[in-house]
Amino acid sequence: MKTKKKTIKKTKTNLKLIITAPHWFCMNQDENLCDQHSLIDSKLLYLSIKKLLKNKVIYIKPNKIHRSLTDANRGKKDDKLGIYHPLLKPFLNKIKKGLNRRPKLLLDIHSYSVNNNLPFYLLYIDLGKQKILCESFASKICYKCNINYNQKMIKTGTLDNEIIRLALEKKSIKLAIIIELSDMNNDYIRNLLIEAIRDVSIEFIRDIL
Ligand SMILES: [Zn+2]
C-alpha cells in the first residue's frame, strides 16, 4: 500500500534582518515626541541593505499613529497599552511574524533632537552577550565613518524597550538594538552612518553563520 504524502506548504524564506521604525510619524516638523528623522533614516537604511540581502530583510513601521496616542516601542504599563494598543495590532503582528522567520538581527531605528554632540548612539538590553556585541557594533560603525569611538555611544536600555525585548525572546536573534541617530546630522553624515550601519550589519550576519 502506498503511503500518502502530505503536501507541505513551503514556508517563507528565513530572514536575516528586521528593521523597525516605531516613532516615525510626526504631526509637524517641529514636535519632538516623534522621531523627526527616523523615517528617512530607516528607509534609506532598509533600501541600502535590501540591495544586498534581497528578501532576507524586512522593514516594519506602524500606520500613522502618533506616540501621544500610544507608544509603539513600549509594553503595557498602568493604563497605557504601548505596542499592545488595538490600533498597533497590525504592526505588532508583523513584528511577531517576522521574528518567527528566524532573523539574526533586529535594528530598531529612532532619532533624537537633543544635542549631545554625538551623531548616533546605541541602546542594548543587558542580557547575555548583548552589551559586548553592541559595543563592537558601535565601534565598527565609528571605524567605518572615521570618527572616534566614545563610551557614550552605547547605553543600557531597559526592558521597557518592548521591540528589542520581544526580539531577544527568540533564539535565532543574536543581537537586537536600538539605533538612535541625531536629528542634527546633515545629509553627508547621515549617508556615511547609514552605509556604515549597513556594512556592519552585513558583516555581523555573515560572521555568525
Ligand atoms: Zn524613538
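Anything mentioned here points back to the structure above.
Note that the coordinates shown come from a computational prediction; the quantities given were computed from them, not determined experimentally. Along each chain, residues carry numbers from 1 onward, in the same order as the chain's sequence is written. Local features in this predicted model are restricted to residues whose pLDDT is 70 or higher, and side-chain atom pairs enter the listing and the counts only when it is 80 or higher, whereas totals over whole chains, interfaces and linings include all residues.

Novice: Looking at this model, I keep getting lost on the pairing of strand β4 (residues 120–124). Mind explaining?
Specialist: Working note: regular strand, side chains alternate between the two faces of the sheet. Following DSSP output, two strands are said to pair if at least two bridges run between them. Think of it this way: any DSSP run of H or I at least four residues long counts as a helix, any run of E at least two long counts as a strand, and we number them from the N terminus. Of the pairings in the sheet, the one linking β4 to strand β6 (residues 175–182) comprises four bridges and is antiparallel in character. If you follow Leu-123 over to β6, its bridge partner there is Ile-178. Relative to strand β5 (residues 154–156), β4 is paired through three bridges, and the arrangement is parallel. In the strand pairing of β5, Leu-122 is matched with Ile-154. Look down the strands so they point away from you; if going from the first strand over the helix to the second traces a clockwise path, that crossover is right-handed. Note that the unit made of β4, helix α3 (residues 130–145) and β5 has a crossover that is right-handed.

Novice: Even after reading the chapter, I still don't get the sheet that holds strand β2 (residues 57–60), so can you show me in this structure?
Specialist: Paired through their backbone hydrogen bonds, the strands of a sheet run either parallel or antiparallel. The mixed open sheet is built from six strands, whose spatial order is β2-β1-β3-β6-β4-β5. At either end of the open sheet lies a strand with only one pairing partner, and these are β2 and β5. This sheet shows a mean twist of 25 degrees between the axes of neighbouring strands, independent of strand direction. As defined by bridge partners, strand β1 (residues 17–20) adjoins β2 across four bridges and the pair is classed as parallel. Bridge pairing links Thr-20 to Ile-60 in β2. Contact between two residues is assigned when their C-beta atoms, built from the backbone, lie within 7 Å. Axis definition: a line fitted to C-alpha atoms, over the contacting stretch in the case of helices. Angles run 0 to 180 degrees between N-to-C directions. Taken strand by strand, helix α2 (residues 89–99) contacts β1 and β2, and its axis lies near 165 degrees from that of β2. Contacts from helix α5 (residues 187–207) reach β1, β3 (105–112), β4 and β6 within the one sheet, and its direction differs from that of β3 by about 160 degrees.

Novice: How should unusual backbone geometry be read in this particular structure?
Specialist: Among all residues save glycine, negative phi is the norm, and among peptide bonds the norm is trans. Of note in the backbone geometry, Asn-117 takes a positive phi value of approximately 60 degrees without being a glycine. By secondary structure assignment, the location of Asn-117 is in the loop between β3 and β4. Around each residue's C-beta, the other C-beta atoms within 10 Å are counted; 20 or more make the residue buried, 12 or fewer make it exposed, and counts in between make it partly exposed. All C-beta atoms are placed from the backbone. Judged by C-beta crowding, with 8 C-beta atoms within 10 Å, Asn-117 ranks as exposed. We note that Asn-146 has phi near 60 degrees; this positive angle belongs to a residue other than glycine. For Asn-146, the location among the structural elements is in the loop between α3 and β5.

Novice: Please clarify how α2 should be interpreted in this entry.
Specialist: Given 3.6 residues per helical turn, the α-helix brings residues three or four places apart onto the same face. For α2, every residue scored as buried is listed here: Phe-91, Leu-92, Ile-95, Gly-98 and Leu-99. All buried residues of α2 project into a common sector of 125 degrees when viewed along the axis, lining one side. Turned more than 90 degrees away from the buried face of α2, the exposed residues are Lys-89, Pro-90, Asn-93 and Lys-96. The arc under discussion is defined with respect to the helix axis, by the directions toward the C-beta atoms.

Novice: When you look at the nonpolar core in this model, what are you seeing that I'm missing?
Specialist: As a rule of thumb, nonpolar side chains are buried together in soluble globular proteins. Remark: nonpolar core denotes a set of buried Ala, Val, Leu, Ile, Met, Phe, Trp, Tyr and Cys residues whose joining runs through C-beta atoms within 7 Å. Counting residues in each nonpolar core, the largest one holds 46 residues, and the members touching the most others are Leu-17, Ile-19, Leu-107, Ile-164, Ile-177 and Ile-179. Here this core takes six residues from β6, the largest share from any one element. Not counting residues up to four positions away in its chain, the partners in contact with Ile-177 are Leu-107, Leu-122, Leu-123, Tyr-124, Cys-134, Phe-137 and Ile-164.

Novice: Please clarify how the packing of α3 against α5 should be interpreted in this entry.
Specialist: The description of two packed helices rests on the angle between their axes and on the distance between the axes. At their nearest, the axes of α3 and α5 sit 9 Å apart, and the two run at 130 degrees to each other. Taken together, the axes of α3 and α5 lie oblique to each other. For α3 against α5, the interelement crossing comes out right-handed. Across from Phe-137, Lys-140, Ile-141, Lys-144 and Cys-145 in α3, the residues of α5 making contact are Leu-192, Leu-193, Ala-196, Ile-197, Asp-199, Val-200 and Phe-204. Charged means Asp, Glu, Lys or Arg here, nonpolar means Ala, Val, Leu, Ile, Met, Phe, Trp, Tyr, Cys or Pro, and polar covers whatever is left, Gly included. Taken together, the residues of the contact of α3 with α5 sort by class into nine nonpolar, no polar and three charged. Oblique is the label for every angle not falling under 35 degrees (roughly parallel), over 145 degrees (roughly antiparallel), or within 65 to 115 degrees (roughly perpendicular). Note: crossing handedness is left-handed where the near helix turns anticlockwise from the far helix by less than a right angle, and right-handed where it turns clockwise.

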